Amino acid sequence: VTAAMLSFVIFAGSLWVVWDVFRDLPGDKQLHDISAMAQATTIYDRNNKPAFTIFQERRIVVPLADVSPHLVKAIIAVEDQRFYDHAGIDLIRVMAAAIENLREHRAAQGGSTLTQQLARQSFLSSDKTLRRKMKEAVLAWRLEREFSKNQILELYLNKVYLGDGLYGVEAASLGFFGKHARDLDVEESALLAGL
């Protein structure tokens, strides 16, 4: 096998990988429509009391300003400590996760940022494959160029699944604590961040 032939095979293989990662990613319109999320609809009786709720996902979308600063700090501390310092991919975290995964001989840790998690929740499957991780990284990079950090954080906080059929921090706050996300204290915020 000649060096030219080997170079061609490597080049062709690289092109195929790039094509495979980019071929079915969402377009710009889908990327901009990331904020469209299923929400619950509550039907009230004639006395203005909730009669029943219809939902595909129990979610109540709230602006970032209506989320407790304790919860925001807790989510960032648990999920993505360098959220405001990276461009969608935290190379330090990726390297640390890769070292730990090699040490464990399995996928023990993920290195996904909040932006990557938002990309996965919005557009990708949760398959633990290199192909999906590459797609996730490309989408995170694109999201970071289209939205501000606070917009990404708001989208994440409204989209994340927090257990018991509750999506987003407002639905989870009401479901677990009977109070709005803006009213959560430090302990409640830590518990939700841990979920």
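Here's what I pulled together on the structure shown here. Predicted, not measured: the structure shown is a model, and the values here were computed from it.

### Examining the pattern of salt bridges
When the charged atoms of two side chains with opposite charge come close together, those side chains can pair.
Step number 1: A complete count under the given rule lists seven salt bridges for this structure.
Step number 2: Taking the shortest distance from any N to any O, the salt bridge between E100 and R103 comes out at 3.3 Å. Residue E100 and its partner R103 are both found in helix α4 (residues 91–104); the two are separated by three residues, about one turn of the helix.
Step number 3: Among the salt bridges present, the one from E188 reaches K179, with a minimum N-O distance of 3.1 Å.
Step number 4: The class of K179 is partly exposed, set by a relative accessible area of 25%.
Step number 5: One network of salt bridges, in which partners are shared, links R120, R132, K133 and E136.

### Describing a nonpolar patch on the surface
Step number 1: Side chains of M5, F8 and V9 sit close together on the surface and give an oily, nonpolar patch of about 340 Å² of accessible area.
Step number 2: Relative to the elements of secondary structure, M5 occurs in helix α1 (residues 3–22).

### A closer look at the packing of helix α8 (residues 169–177) against helix α9 (residues 186–194)
Step number 1: One can describe the packing of α8 onto α9 by two numbers: an axis separation of 11 Å at closest approach and a directional angle of 115 degrees. In the packing of α8 onto α9, the handedness of the crossing is right-handed. Across from V169, A172, S173, F176 and F177 in α8, the residues of α9 making contact are E188, L191 and L192.
Step number 2: For the contact of α8 with α9, the per-class residue count stands at six nonpolar, one polar and one charged.

How each quantity is defined
- Residues numbered from 1 in each chain as written.
- Predicted model: local features only at pLDDT ≥ 70, side-chain atom pairs only at ≥ 80, totals over all residues.
- Heavy atoms only, no water.
- Salt bridge = Lys/Arg side-chain N within 4 Å of Asp/Glu carboxyl O.
- Helix = DSSP H or I, 4+ residues; strand = E, 2+ residues; numbered from the N terminus.
- Buried < 20%, exposed > 50% of the residue type's maximum accessible area, 1.4 Å probe, protein only.
- Patch = residues over 30% accessible without salt bridge, like charges linked within 9 Å, V, L, I, M, F, W, Y side chains within 5 Å.
- Areas by Shrake-Rupley, 256 points an atom, 1.4 Å probe, with all protein chains shown as cover.
- Axes fitted to C-alpha atoms, helices over the stretch in contact; angles between N-to-C directions.
- Left-handed = near helix turned anticlockwise from the far one by under 90°.
- Contact = heavy atoms within 4.5 Å.
- Nonpolar A, V, L, I, M, F, W, Y, C, P; charged D, E, K, R; others polar.

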